Amino acid sequence: MSRGGRRATIRLRPGVRWHDGRALTARDVAFTFRRFRARPHPRFTPQLAAVASVRATDRTTVVVELRHASLGFRDQPLADVPILPRHLWRGVPREELAPAGLPVGSGPYRLVEHRPGAGYRFRANRRYFRGRPSVARIDVRVIEGAGETFSAFERRAVDVVPAPLPERERARLDDLGVEIARGPSYAGTVLMFNLRRPPLDRLEVRRAIAAALDPARLARAVSGAAAADRGYLHPRSPWAPRAPLERPPAATVAMAPLTIAVSDADPTRLQVGREVVLALRRAGVDAALRPLAPPLLAAAVGQDGAPPDFDAAIWSSPPLASYDPDFLRVVFGAGQPLNYSGFSSPRFEELAQRVAAAPTRAERRAAVREELRLLADELPVVPLIFQEGTFAYRRGRHDGWVFVKGAGILDKRSFFARRRAVRPRGAAPAPPAAAGDSSTGLAGWLAAGAAMAALALAGAAARRRRG
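These notes cover the structure that comes with them. (Residues numbered from 1 in each chain as written. Predicted model: local features only at pLDDT ≥ 70, side-chain atom pairs only at ≥ 80, totals over all residues. Heavy atoms only, no water.)

**Some details on the overall build of the chain**
Here is the rule we go by: The helix count covers DSSP runs of H or I at least four residues long, the strand count covers runs of E at least two residues long, and both are numbered beginning at the N terminus. Only protein chains enter the accessibility calculation, which uses a 1.4 Å probe; a residue is then buried when its area is under 20% of its type maximum, exposed when over 50%, and partly exposed in between. A contact between two residues is defined here by any heavy atoms of the two lying within 4.5 Å.
Across its full length, the chain carries 15 helices and 18 strands. Here the chain holds 467 residues, and 51% of them are scored as buried. Long-range contacts, defined here as pairs at least 24 residues apart, represent 68% of the contacts in the chain between residues at least 6 apart.

Rendered as structure tokens:
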């Protein structure tokens with residue numbers, strides 16, 4: 001970084017290649033940043049707001065000019081935005097979402113097969129610039145429901161499940177030679193309001209509902225959950241307030257019956273939804289839960305541009321906000337792509353700009369605290385819980401798992417570590433030093449809409465025995 005923090009000079013590792021054998025160069029990085037600016041993407045384009053220009057000065061050097069100093073630049077976009085192969089993407093017409101064929105990246109695994117609704121197959125990239133991965137093949141199998149997942153464990157059809165299993169089934173896993181890795185997950189659950197229509201366009205109604213909900217009580221009802229008492233950020237986020245935020249005072253207002261939408265494919269959020277409805281009924285609110293299939297819920301809240309059609313919804317809070325609070329503006333900024341509540345506040349916009357351009361960590365932390373207090377006062381959402389990250393795995397198949405704080409074990413580092421104890425570690429989903437590696441992590445692949453996904457590993461146990 002330059003002395004004033006307005007220029008970033010990035011030097012790529014030499015010898016990095018795309019999965020198709022072409023060299024990855026600085027031109028790919030510059031092309032990617034420009035493309036996401038020209039063709040907006042709801043997750044990645046907002047991370048480039050501070051970028052004024054980007055240019056490749058030689059094959060392995062990229063210079064990025066920033067509109068202002070950005071303390072979050074290393075995390076977003078450098079550790080999150082995936083680099084695209086220019087030779088495949090530059091000719092894609094606007095009406096096409098991506099080049100034909102399977103994706104081409106530069107990470108330790110290449111996607112070699114996709115069966116819609118059934119699963120994915122990844123093979124190790126033996127030419128990966130950090131070395132050969134310890135697992136030769138990873139099969140990702142989409143499984144509908146916890147019971148079916150447990151049955152797959154019993155049949156030894158799967159080796160890893162990156163999703164919580166019910167307690168009654170988790171207790172039986174010891175008999176199957178299965179270990180459980182636990183740690184903080186930055187993915188949260190919130191009650192999101194639609195501020196565009198009555199009755200939730202009224203602040204007093206939102207405050208009355210929030211006063212009836214106790215995140216600590218909800219956390220006790222969900223095994224392994226942490227109460228979202230620091231607002232939208234995980235309590236263990238380095239940017240979270242040190243003390244819980246004040247809860248709204250109890251209030252009673254007259255309101256029409258309230259319908260709360262929730263995914264019918266997520267057992268934990270269904271349980272949270274039931275607890276929310278019970279709490280609201282105890283407070284005198286006529287509330288009802290409306291389970292929806294995931295595509296219908298996505299359409300109801302307005303994903304992908306659909307007109308919003310909901311009162312309230314049990315919804316997710318993205319982990320990125322707890323890594324870098326600059327992402328809060330993507331969720332709550334006026335006109336931002338992930339602002340499904342319809343929240344709009346000039347004061348929030350001012351604070352978001354302060355967070356983005358704060359010259360010191362202390363000033364940034366102070367602005368984040370003010371943002372969280374404003375959100376707790378205006379209540380576009382009520383943060384409820386952060387569920388513990390739990391991952392069941394067979395140690396005999398692979399035991400090199402590395403738990404990344406906030407994200408879990410499905411990280412590229414898990415396939416290079418050998419005989420390391422699973423423990424929470426790290427502060428970012430991918431190390432910024434890995435310049436040139438465009439893989440967004442297996443967890444990113446698994447989050448593409450499946451109710452559950454399980455991994456079958458090939459080539460791990462045999463290689464360990466030989467070694």
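**Topic: the pattern of salt bridges**
Here is the rule we go by: Basic side-chain nitrogens of Lys or Arg form a salt bridge, by our definition, when they fall within 4 Å of a carboxyl oxygen of Asp or Glu.
All told, the structure shown has 22 salt bridges when counted by the stated rule. Its salt-bridge partner being Asp80, residue Arg43 comes within 2.6 Å of it at the nearest N-O pair. Placement of Arg43 in the loop between α1 (26-38) and β2 (51-58) and of Asp80 in the loop between α2 (74-78) and α3 (86-89) is noted, with a sequence separation of 37 residues between them. A salt bridge links Arg269 to Asp266; its shortest N-O distance comes to 3.4 Å. The exposure class assigned to Arg269 is buried, which follows from its relative accessible area of 19%. The exposure class of Asp266 is partly exposed, given its relative accessible area of 21%. Through salt bridges that share partners, Arg121, Arg137, Asp139 and Arg141 make up one connected network.

**Focus: the sheet that holds strand β3 (residues 61-66)**
Within a sheet, adjacent strands bond to each other through the backbone by hydrogen bonds, running parallel or antiparallel. Keep this limit in mind: Two strands pair under a simple rule: DSSP has to find at least two bridges between them. Only the stretch in contact is used when fitting a helix axis, every axis being a line fitted to C-alpha atoms; angles between N-to-C directions are given from 0 to 180 degrees.
Here three strands make up an open sheet; going across it, the order is β1-β3-β2 and the pairing antiparallel. The two strands at the open ends of the sheet, each matched to only one other strand, are β1 (7-11) and β2. Strand after strand, the sheet turns through a mean of 20° between neighbouring axes, direction not considered. As paired elements, β2 and β3 share six bridges and run antiparallel to each other. In the sheet register, Val54 faces β3, and the bridge partner there is Val64. Lying on the sheet, α1 is in contact with β2 and β3; it crosses β2 at an angle near 160°.

**Considerations on the sheet that holds strand β13 (residues 312-317)**
Within the open sheet, the six strands sit side by side as β10-β14-β9-β13-β11-β12. Their pairing is mixed. One side of each edge strand has no neighbouring strand; the edge strands of this open sheet are β10 (226-227) and β12 (287-292). Here strand β11 (residues 258-263) pairs with β13 via two bridges, running parallel. Across the sheet, residue Ile260 finds its bridge partner in β13, namely Ala312. Set on the sheet, helix α8 (residues 267-282) makes contact with β9 (188-193), β11, β12, β13 and β14 (381-386); between it and β12 the angle comes to about 165°.

**Topic: the nonpolar core**
Looking at soluble globular proteins, one finds that nonpolar side chains tend to be buried together. In plain terms, the rule: Among buried residues, those of type Ala, Val, Leu, Ile, Met, Phe, Trp, Tyr and Cys that are joined through side-chain atoms within 4.5 Å constitute a nonpolar core.
Counting residues in hydrophobic clusters, the biggest one holds 65 residues, and the most contacted among them are Leu191, Val276 and Leu384. Here this core gets six residues from one element, more than from any other, and that element is α8. With residues up to four places along the chain from it excluded, the contact list for Leu384 reads Thr189, Val190, Leu191, Leu213, Pro215, Leu218, Ala226, Ala227, Ala228, Val272, Val276 and Ile314.

**Focus: the environment of Arg123**
Of note, Arg123 is situated in strand β5 (residues 119-124). Sequence-distant contacts of Arg123, defined by excluding residues within four places in its chain, comprise Pro108, Tyr109, Arg110, Val112, Ala136 and Arg137.

**Structural notes on helix α9 (residues 294-301)**
Side chains that are three or four residues apart share a direction in an α-helix, a result of its 3.6 residues per turn. Stated precisely, the cut-off is as follows: Each direction from the helix axis to a C-beta atom contributes to the arc, which is the arc of those directions.
Buried residues of α9: Leu297, Ala298, Ala300 and Val301, and no others. End-on view of α9: buried residues confined to an arc of 160°, all on one side of the axis. Along α9, the residues that are exposed and aim more than 90 degrees away from the buried face are Pro295 and Leu296. Here the buried face of α9 lies against β9, β11, β12 and β13.

**Let's talk about the packing of aromatic side chains**
Inclusion rule: Here a Phe, Tyr or Trp ring, Trp counted by its six-membered ring, pairs with any other such ring whose centre lies within 6.5 Å, and the pair is stacked when the planes are under 30 degrees apart, edge-to-face when over 60, and tilted otherwise.
Throughout the structure, instances matching the rule amount to 13 aromatic pairs. Seen in terms of ring centroids, Phe343 and Phe348 are 6.1 Å apart; in terms of plane orientation they differ by 75°. Their pairing is edge-to-face. This pair shows no difference in class: Phe343 is buried, exactly as Phe348 is.

**Let's talk about unusual backbone geometry**
Residue Pro77 is reached from Gln76 by a cis peptide bond, and omega for that bond is 20°. Of note, Pro77 is situated in helix α2. Here the phi dihedral of Arg156 falls at roughly 60°; this positive angle occurs in a residue that is not glycine. In this fold, Arg156 is placed in the loop between α4 (146-154) and β7 (160-161). Positive phi outside glycine occurs at Leu379, with the angle close to 60°. As for its position among the elements, Leu379 is in the loop between α13 (361-378) and β14. Residue classification places Leu379 among the buried positions, given a relative accessible area of 4%.

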